[in-house]
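Coordinates in review
Residues per chain are reported as follows:
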Amino acid sequence: EAVVAGHLCLDIIPEFERMTDFYRTLENQPVDDAGKNIPYVQSTNLDFRGTHRFSDYLSLFVGPFFDQINVFCLVAIVVVLLGYAAGKGLDRFFPNAKAPRGTSGRAATWLLIALPVIAFGLIYGVGSVLPLTNTQRWGGLLMTLIATVSSIIFSFPIGVLLALGRRSSLPAISLFSTVFIEFVRGVPFITILFMSQLLVPLLNPALAATPGIFRAIVGTILFTAAYLAENVRGGLQAVPHGQEEAAKALGLSSFQITLHITLPQALRIVIPALVGMFIALFMDTSLFVIVGLLDLVGISDNVVVQSDFLGDRREVLIFITIIYFVISYAMSIISRQIEASGAGKAMARKI
């Protein structure tokens, strides 16, 4: 809008440029009859949705976005090609007659196990080797992935131990595992987050210096371990008791029976439940925003409150919805592949 000679009129901007550059008008400054410039004030309305073609949207937003991530995409493509070539080389130099891609598969498995540890070291730092970073700078998808991966990795062994402890014949271990599982499962997840952020520093002031994201991750690990323990316990109960009796008849110890017979079968049985729980964990990390941590949802809220993006909440929510769907669907695909290679074949042979 422009104020010209005391009258309010509408100044339509006939042309605009990309969002990453700047906006400019092609209108000349208004003049009076004597040819002198008239002072005026002009404000541009950025909400032009529905007034331009889809190609204009692509050139304004999608094009600059790909310009910013082109280096990352190039690096990702190069790493994938190098990994594929390295896997082919391992299978060629270390052949396996029973499994043609067994060597590369084992190498990829160990790399996937080591990848979260290496990634965390590169992100947070390693003592005197890499300087420690300020966790307050973490946010968005990075924080969501760190919380999810860390919770999955550390909650799995804790949950398995709790499930075995609840079935233990030792009263102290069984009572401790049962009380922990029932107490944590009876508390909402948001309560666990508030306790980690507010109550823990009050109980022990020394823990107040611990970054909030680490306290939230520890609370998420304990919460997930309790639910995982019940899933694993259900799988242990589904294993026929006759197999344990047969193993005892062969002279195997209780540790050997659990490690080699009952636990592997129980984990195969509960693969769908475990993956479903991990997907729910990935989406539950969106509650971090309630305790002041800027995860993916928190960053989206910070974006839409900026003056340049007022009214664009719909686009932001659709974008983060696509991110959640893609990652969750990828986890479900991995689950089906694991079932087809492990639990699915085992059940087929059993039938």
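The structure this text deals with has already been given above.
Okay, so let's go over this structure. These numbers come from a predicted model, not from an experiment.

**Quick word on the pattern of salt bridges**
Applying the stated criterion across every chain, the model contains four salt bridges. With a shortest N-O distance of 3.0 Å, Glu182 and Arg166 are connected by a salt bridge. With Glu182 in helix H4 (residues 171-185) and Arg166 in helix H3 (residues 141-166), this pair connects stretches of sequence that are 16 residues apart. Looking at Arg166, the relative accessible area reads 18%, which means it is buried. With a closest N to O distance of 2.9 Å, Glu230 and Arg233 form a salt bridge. Of the two residues, Glu230 and Arg233 both sit in helix H6 (residues 212-238), three residues apart, roughly one turn of that helix. A cluster of three or more residues bridged by salt bridges with shared partners is formed by Arg166, Glu182, Glu230 and Arg233.

**Focus: the packing of aromatic side chains**
Enumeration over the complete set of coordinates arrives at eleven aromatic pairs. A ring pair is formed by Trp138 and Phe214, whose centres lie 6.0 Å apart and whose planes are at 75°; its orientation type is edge-to-face. Here the residue Trp138 occupies a position in the loop between helix H2 (102-124) and H3, and Phe214 occupies one in helix H6, the gap between them amounting to 76 residues. Consider the rings of Phe176 and Phe180, whose centres lie 6.5 Å apart with planes at 25°: the pair is stacked. Remark: Phe180 and Phe176 occur in helix H4; sequence separation between them is four residues, near one turn of the helix. Here the aromatic cluster, defined as three or more aromatic residues joined through ring pairs, consists of Phe120, Tyr124, Trp138 and Phe214. The side chain of Arg185 reaches across the aromatic face of Tyr227, ending 5.3 Å from its centre.

**Structural notes on a nonpolar patch on the surface**
A cluster of nonpolar side chains, namely Ile318, Ile322, Phe325, Val326, Tyr329 and Ile333, defines an oily patch on the protein surface of about 570 Å² accessible area. In this structure, Ile318 sits in helix H11 (residues 313-341). Using a relative accessible area of 48% as the deciding quantity, one classes Ile318 as partly exposed.

Cut-offs used in this document
Residues numbered from 1 in each chain as written. Predicted model: local features only at pLDDT ≥ 70, side-chain atom pairs only at ≥ 80, totals over all residues. Heavy atoms only, no water. Salt bridge = Lys/Arg side-chain N within 4 Å of Asp/Glu carboxyl O. Helix = DSSP H or I, 4+ residues; strand = E, 2+ residues; numbered from the N terminus. Buried < 20%, exposed > 50% of the residue type's maximum accessible area, 1.4 Å probe, protein only. Phe/Tyr/Trp six-rings, centres within 6.5 Å; stacked < 30°, edge-to-face > 60°. Lys NZ or Arg CZ within 6 Å of the ring centre and 35° of its normal. Patch = residues over 30% accessible without salt bridge, like charges linked within 9 Å, V, L, I, M, F, W, Y side chains within 5 Å. Areas by Shrake-Rupley, 256 points an atom, 1.4 Å probe, with all protein chains shown as cover.

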